[in-house]
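Examination of the molecular architecture
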Amino acid sequence: MTKWIRSAQILNKSYTCQHIQSKFLTLGGSVSQHFYYTLSYKSADPHLLTRSRLHTYLTVRFKWWSINSGTFFRGSDTIGPYISLWSSTSAGHNLIKACPSRHSHTQQQSQFSVVCNDECVQVSFADRTLKIPLIWLRDHCRSEKFYNHNTHQKIPQSGLSELDLSPAEICLVDNNSAVSITWKDGHVSKFNLDWLANNFYPGKLVSQSKRQYWNNEIVLEEGLQTVSYNDHMTYDDGLKKSLTNLVKFGFCIIEETPVSQSATQAVAERISYVLQTVFGQMWTFTSDASRSDTAYTTQYLGAHTDNTYLSSPAGVQVFHCLKHNGSGGETLLVDGFKALDILRSVDQAAFKVLASVVIPHEYKEQASGNHPGYHLYNLSPVVTLHPISGEYISLRFNPYDRAPLNTLSLHDMTTFYSAYDKLSKIISNKENELRIKLNPGTILLIDNWRVLHGRSSFDGTRVVCGCYLPRDEWISKARLMGLL
Ligand SMILES: [Fe+2]
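Residues numbered from 1 in each chain as written. Predicted model: local features only at pLDDT ≥ 70, side-chain atom pairs only at ≥ 80, totals over all residues.

A few words now on the nonpolar core. Core analysis: the largest hydrophobic core is formed by 61 residues, its most contacted members being Phe251, Leu445 and Leu469. Residues in contact with Leu469, not counting those within four places in the same chain, are Ala268, Ile271, Ser272, Val274, Leu275, Ala314, Gly315, Val316, Val318 and Trp474. Counting 13 residues, the second largest nonpolar core, distinct from the first, contains Leu134, Leu137, Val179 and Ile181. (Core = buried A, V, L, I, M, F, W, Y, C linked by C-beta atoms within 7 Å. Buried ≥ 20, exposed ≤ 12 C-beta atoms within 10 Å, placed from the backbone. Contact = placed C-beta atoms within 7 Å.)

This is how it looks when you write it as structure tokens:
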């Protein structure tokens, strides 16, 4: 028989469980009141420890009504504990009986505990606990009735908020890897626990561990990770390396590319179709002031993100310097998310202003020649965060394209300018800036929602070609490769 080491904390007093008797546990001490308590136990059986691996401790919280000698759980209909009995053998411990009471249910197994009340199911994993509302579970039912597995689309349920969603029965199934819920209307929903962990967890956009925020020192210590044109174009692993760098650092470099616009386009289209913008698809620019943008000059260009005047800025910017027969013209990069982390750590209030205040950006171009003229305009906050996790989604920072500020009250204006100045100083701090001299054959791809770009002033003739890639498509490709 398995021996257990266990203890209980009841009303701030510690009790040690004496031993396991057959299928029942006995708690040392005598208690007969209504209260919450926490029971922690650890298997001393090596086999169970192996089974549990990271989950050697299992903590269960539930309401307790009374403890009688020789009885593990005795439930109260009025308080509503769930009654469950577990057998423990050398082969593991198994739920042998589960009796839902009127108000709540509890189930447990070696890696999870599942608690249900009238409003939510609480699933405790080793690293977190999810409180999943019953209405969410019903809404996300993956049965054939409510989900088309061929099209991966929901079959909408109407009147969800009016349904009585207190489950008639809830139990662990499939070797305790899934929760089955029988609803009052007789419908049965089954949820794999891993699926719940992956899909309910709020804020699961990009694992922070897959991003590495950098400043000049960090990125140079890491060494610039480059991928050859041949690897990028020929092998899945090469493309995966390019996208890994793009996810991790917010930029990637492709080397040994043929010096042409068509090769640049091929590199870009290996990731996604090229975005059509007011600048066309593939563009080539030089300092001829042919378009209404500072990029078409020889002037210094401070770090910024592009397309802040669009409702959805381009996801990736592609640069390839085809020719430069002069000096200067280094490309500068700044990790916008690192800059935001710095601001957040030194001035939380300023950070909050930039994440909440909405400001306008615009692109204006007079009609002339082949250009029909444009006035693009967008209102957005400088920083967009995930509403639950606070994870960075995007940074829009382009002092060049800011439109007349007409979205703020007098008070908000003062706080906005102060916050914007603080972020600007962090962005222009040389410690946060990486400078790269792009030579013909080297293509730079930049995550335009995260990394800012600029360039030093230059002389001579400098010809750069490039394009934009849509955000959703490159993220989709990265997701399909398991990078997000
Ligand atoms: Fe730009």
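Now that the structure has been shown, the text picks up again.
In space, the four strands of this open sheet follow the order E20-E29-E22-E27, with antiparallel pairing throughout. With one partner strand each, in any of the chains shown, strand E20 (301-304) and strand E27 (433-436) form the two edges of the open sheet. Direction aside, neighbouring strands of the sheet carry axes that sit 20 degrees apart on average. Alignment of E20 against strand E29 (residues 451-455), held across two bridges, turns out to be antiparallel. Residue Leu301 lies in a different strand from E29, and its bridge partner there is Arg455. Running over the sheet, helix H8 (residues 336-346) touches strand E22 (331-335) and E29 and is turned about 45 degrees from E22. (Pairing = 2+ DSSP bridges. Helix = DSSP H or I, 4+ residues; strand = E, 2+ residues; numbered from the N terminus. Axes fitted to C-alpha atoms, helices over the stretch in contact; angles between N-to-C directions.)

Moving on, we get to unusual backbone geometry. The backbone phi angle of Asp174 is positive, close to 50 degrees, even though this residue is not glycine. Mapped onto the secondary structure, Asp174 falls in the loop between strand E14 (169-173) and strand E15 (178-182). The exposed category is assigned to Asp174, around which 11 C-beta atoms lie within 10 Å. Of note in the backbone geometry, Glu256 takes a positive phi value of approximately 60 degrees without being a glycine. Examined against the element boundaries, Glu256 turns out to sit in the loop between strand E18 (251-255) and helix H7 (261-269). By C-beta crowding, Glu256 is classed as partly exposed, having 14 other C-beta atoms within 10 Å.

These results come straight from atomic positions and should not be treated as a statement about function.
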